Amino acid sequence: VVSSELVIKRALSAGGQACVFFGVLTASKKPVAVKVYAKNDENSNIYRTEYKILKSIRHRAIVKTLGRFENENYFFLVTEFLDGITLHKILESFE
């Protein structure tokens, strides 16, 4: 449990700056993707810039950004969760 509003269920992927988890919003039971950054100065800038850009984009091919929050150790970016094949797998199929 990350907060009273969000429960993280399992890891989906990890990258150089952040990890992505599958979670559920407790009130609506809506499945979400949660990008988690360790809290430091570099990640603070990346996290805030990414949130600002994603929140301003409205396109049917891009997941909606639902919110963000932080605790004393991490930054959390919450987006819609789309189940299915990953972008990585799609790109691999073209190689």
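Here we summarise the structure given alongside this text.

Calculation criteria
- Residues numbered from 1 in each chain as written.
- Predicted model: local features only at pLDDT ≥ 70, side-chain atom pairs only at ≥ 80, totals over all residues.
- Heavy atoms only, no water.
- Salt bridge = Lys/Arg side-chain N within 4 Å of Asp/Glu carboxyl O.
- Helix = DSSP H or I, 4+ residues; strand = E, 2+ residues; numbered from the N terminus.
- Buried < 20%, exposed > 50% of the residue type's maximum accessible area, 1.4 Å probe, protein only.
- Patch = residues over 30% accessible without salt bridge, like charges linked within 9 Å, V, L, I, M, F, W, Y side chains within 5 Å.
- Areas by Shrake-Rupley, 256 points an atom, 1.4 Å probe, with all protein chains shown as cover.

**Looking at the pattern of salt bridges**
Scanning all chains against the criterion turns up four salt bridges. With a closest N to O distance of 3.7 Å, glutamate 70 and arginine 48 form a salt bridge. Taken as a pair, glutamate 70 in strand β4 (residues 65-70) and arginine 48 in helix α1 (residues 41-56) lie far apart in primary sequence, 22 residues in all. Assessed through its relative accessible area of 37%, glutamate 70 is described here as partly exposed. Accessibility expressed as a relative area gives 35% for arginine 48, which makes it partly exposed. A network of salt bridges, in which partner residues are shared, links Lys39, Arg48 and Glu70.

**Some thoughts on the environment of isoleucine 57**
Counting through the fold element by element, isoleucine 57 comes out in the loop between α1 and β4. Put simply, isoleucine 57 and proline 31 are 26 residues apart on the chain and 21 Å apart in space, counted from C-alpha to C-alpha.

**Notes on unusual backbone geometry**
If a residue is not glycine, its phi is most likely negative; likewise, a peptide bond is most likely trans. We note that lysine 29 has phi near 65 degrees; this positive angle belongs to a residue other than glycine. Note on placement: lysine 29 falls in the loop between β2 (18-25) and β3 (31-38). A relative accessible area of 61% places lysine 29 in the exposed class.

**Observations concerning a nonpolar patch on the surface**
Where nonpolar side chains cluster on the molecular surface, the patch consists of Ile85, Leu87, Ile90, Leu91 and Phe94 and spans about 570 Å² of accessible area. Looking at the element boundaries, isoleucine 85 is found in the loop between β5 (74-80) and α2 (87-92).

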